[in-house]
Amino acid sequence: MLEVWLGTFPFAGGVTELAQMAEADGWDGLALTDSQNLAGDVFAALCLAGHATTTLKLATGATNPSTRHPAVVASAIATVQVESGGRAVLGIARGDSALAYLGRPPTPLAEFRHGLEHIQAYLRGQAVDLDGYASRMDWVARNGQPKVPMAVAATGPKVIELAARVAERVTFSLGAMPERLRWAIELARSVSPGVSCGAYVNAVAHPDVNMARELVRGRLGVYARFSSMHDNALRSLQPEDQAVMTRLAERYDMNAHATAGARHESALDDDFVDRFGIVGPSDHVAERLRELAALGLDHVIIVGHGRDVAPAVLAESSRRFGREVLPQLR
């Protein structure tokens with residue numbers, strides 16, 4: 001069965017209510033973005049969410065091994081695993097806004113690979129060689145919980161292949177375009193046939209498709225931009241979509257990252273939003289998600305609204321997904 005997660009930001013002061021809402025509305029999991037300059041601390045938020053819920057799975061969506069040392073990442077997510085009774089997933093990526101707001105680029109690929117390998121070793125209770133020093137976390141091996149699964153967010157072929165080799169899960173940032181996701185799934189499973197494959201999907205269910213498009217644009221721009229950051233990912237698009245990505249990158253305003261009304265939204269025409277994302281009435285959204293599941297995806301993280309969305313709007317969207325979309329997927 002397709003796992004459907006709600007992806008949003010860890011709103012300090014409102015995490016308990018957010019987690020309880022997600023569980024009540026029937027989401028399988030809650031994935032919270034790690035971007036310290038834009039929202040509250042993700043690991044503190046996940047621990048609070050764990051205590052406020054009983055079945056909801058909890059993930060970073062996603063953290064990175066640069067703003068936090070791999071040992072800190074492993075210790076933090078292992079704490080979430082204990083506090084939630086085994087419901088944690090470590091979503092991890094090379095870093096975007098978390099690093100950009102420190103004036104730094106995404107983690108270099110070689111450094112990212114070492115970070116993933118070190119985190120996995122810590123989570124398995126193994127020693128990590130840090131310049132000749134054997135570093136380990138004995139408490140993680142003794143905590144009585146299963147190992148936290150790692151889910152790597154990936155766009156280009158090099159990171160997809162790395163994720164399939166190192167992690168239990170790979171979550172593609174390629175939009176909702178079936179041809180791109182089919183390629184990514186085939187690549188990941190050619191490396192590791194048993195790897196769990198999922199996707200970040202920009203989706204808003206709303207009876208007014210124009211309203212759905214407006215609500216999704218702020219967050220859709222974030223995930224579309226990932227495909228403009230690497231030549232291999234850009235080449236996987238059709239020429240008309242490559243042109244959209246190029247315009248988006250040229251206009252992208254990091255100060256308005258993941259918010260509605262940013263100047264770079266003008267690059268995202270309606271046709272592109274409809275292809276890259278999933279918007280419109282609930283039946284249409286459910287049908288598109290079923291098509292993606294049929295490709296071989298077993299989890300999706302729905303990243304619909306921007307970080308500036310009003311709580312009431314997010315709650316309405318969550319209820320609509322829970323009452324009208326999720327039942328059609330189960």
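See above for the structure.
Read on for a plain summary of the structure. The model shown is predicted, which means the values in this text are computed figures rather than measured ones. (Residues numbered from 1 in each chain as written. Predicted model: local features only at pLDDT ≥ 70, side-chain atom pairs only at ≥ 80, totals over all residues. Heavy atoms only, no water.)

1. Comments concerning the overall build of the chain
Assigned secondary structure in the chain consists of 14 helices and 12 strands. By the compact-globule yardstick of 20 Å for 330 residues, the chain fits well, its C-alpha radius of gyration being 19 Å. Scored against the burial criterion, the 330 residues of the chain give a buried share of 57%. Here the analysis covers contacts within the chain between residues at least 6 apart in sequence; of these, 73% occur between residues at least 24 apart. (Helix = DSSP H or I, 4+ residues; strand = E, 2+ residues; numbered from the N terminus. Rg over C-alpha atoms; globule rule 2.2 N^0.38 Å. Buried < 20%, exposed > 50% of the residue type's maximum accessible area, 1.4 Å probe, protein only. Contact = heavy atoms within 4.5 Å.)

2. Concerning the environment of Gln 126
Relative to the helices and strands, Gln 126 resides in the loop between helix 5 (109-123) and strand 5 (128-130). On a C-alpha basis, the gap between Gln 126 and Ser 227 in space is 35 Å, while along the polypeptide they are 101 residues apart. What Gln 126 contacts, discounting residues up to four positions off in sequence, is Ala 121, Ser 135 and Arg 136.

3. A look at the sheet that holds strand 9 (residues 196-201)
Ordered in space as 1-2-3-4-7-8-9-12, the eight strands form a closed barrel in which the pairing is parallel. Each adjacent strand pair in this sheet contributes to an overall mean axis angle of 25°, direction not counted. Across four bridges, the pairing between strand 8 (residues 169-172) and strand 9 is parallel. Its bridge partner lying in strand 9, Arg 169 is registered against Ser 196. This element, helix 1 (residues 15-24), spans strand 1 (3-8) and strand 2 (29-32) of the sheet and lies at about 155° to strand 1. (Pairing = 2+ DSSP bridges. Axes fitted to C-alpha atoms, helices over the stretch in contact; angles between N-to-C directions.)

4. What to know about unusual backbone geometry
The step from Gly 61 to Ala 62 runs through a cis peptide bond, and the omega angle for that step is 5°. Within the secondary structure, Ala 62 is located in the loop between strand 3 (57-60) and helix 3 (70-84).

5. A closer look at the packing of aromatic side chains
Under the defined criterion, the tally for this structure stands at four aromatic pairs. Consider the rings of Trp 27 and Phe 321, whose centres lie 5.0 Å apart with planes at 25°: the pair is stacked. Within this pair, whereas Trp 27 is found in the loop between helix 1 and strand 2, its partner Phe 321 is found in helix 14 (residues 311-325), the two being separated by 294 residues in sequence. Here Trp 27 matches Phe 321 in class, with each residue buried. Aromatic side chains Tyr 223 and Phe 226 sit 5.4 Å apart centroid to centroid with 75° between the ring planes, which places their arrangement in the edge-to-face category. Placement of both Tyr 223 and Phe 226 in helix 9 (residues 209-226) is noted, with a separation of three residues, approximately one turn of the helix. Overall, Phe 226 belongs to the buried group, its relative accessible area being 16%. Counting every residue linked through ring pairs, the aromatic cluster contains Tyr 200, Tyr 223 and Phe 226. (Phe/Tyr/Trp six-rings, centres within 6.5 Å; stacked < 30°, edge-to-face > 60°.)

6. Considerations on helix 3
Residues spaced three or four apart along an α-helix point in a common direction, a consequence of the helix completing one turn every 3.6 residues. Taking 1.5 Å per residue, 15 residues should reach 21 Å; helix 3 reaches 21 Å between its end C-alpha atoms and fits that length. All buried positions along helix 3 are accounted for by Pro 70, Ala 71, Val 73, Ala 74, Ala 76, Ile 77, Ala 78, Val 80, Gln 81 and Ser 84. Elements in contact with the buried residues of helix 3: helix 2 (42-52), strand 3, strand 4 (88-92), helix 5 and helix 6 (138-141). Of the residues trailing helix 3, Gly 85 is marked for its positive phi of about 70°. (Expected span 1.5 Å × (residues − 1).)

7. Here's the deal with the pairing of strand 4
Most of strand 4 sits inside the fold, with five of its five residues counted as buried. Going residue by residue along strand 4, you find Ala 88, Leu 90 and Ile 92 tucked away on one face and Val 89 and Gly 91 tucked away on the opposite face as well. Pairing of strand 3 with strand 4, which is carried by two bridges, proceeds in the parallel orientation. Across the sheet, the residue bridging to Ala 59 is Val 89, located in strand 4. Considered for its hand, the β-α-β crossover made up of strand 3, helix 3 and strand 4 is right-handed. (Right-handed = clockwise from strand over helix to strand, strands pointing away.)

8. Topic: a negative patch on the surface
A cluster of acidic side chains, namely Asp 283, Glu 287, Glu 291 and Glu 324, defines a negative patch on the protein surface. Looking at which element gives the most residues to the negative patch, the answer is helix 13 (residues 282-294), with three residues. With respect to the element layout, Glu 287 can be found in helix 13. (Patch = residues over 30% accessible without salt bridge, like charges linked within 9 Å, V, L, I, M, F, W, Y side chains within 5 Å. Areas by Shrake-Rupley, 256 points an atom, 1.4 Å probe, with all protein chains shown as cover. Salt bridge = Lys/Arg side-chain N within 4 Å of Asp/Glu carboxyl O. Lys, Arg positive; Asp, Glu negative; His and termini not counted. Charge placed at Lys NZ, Arg CZ, Asp CG, Glu CD.)

9. Describing the side chain of Ser 84
Note that Ser 84 resides in helix 3. A distance of 3.5 Å separates the side chain of Ser 84 from the backbone oxygen of Gln 81, its partner in a polar contact. Those residues in contact with Ser 84, other than ones at most four positions away along the chain, are Gly 50 and Leu 58. (Polar contact = N/O pair within 3.5 Å; in protein donor to acceptor, adjacent residues only side chain to side chain.)

10. Quick look at the pairing of strand 2
Consecutive side chains along a regular strand alternate between the two faces of the sheet. Every second residue of strand 2 is oriented toward a common face, with Gly 29 and Ala 31 on one face and Leu 30 and Leu 32 on the other, all of them buried. Relative to strand 2, strand 1 runs parallel, the two being bridged by four bridges. Counterpart to Thr 8 in the pairing with strand 2 is Leu 32. Taking the sense of rotation as the criterion, the β-α-β connection linking strand 1, helix 1 and strand 2 turns out right-handed.

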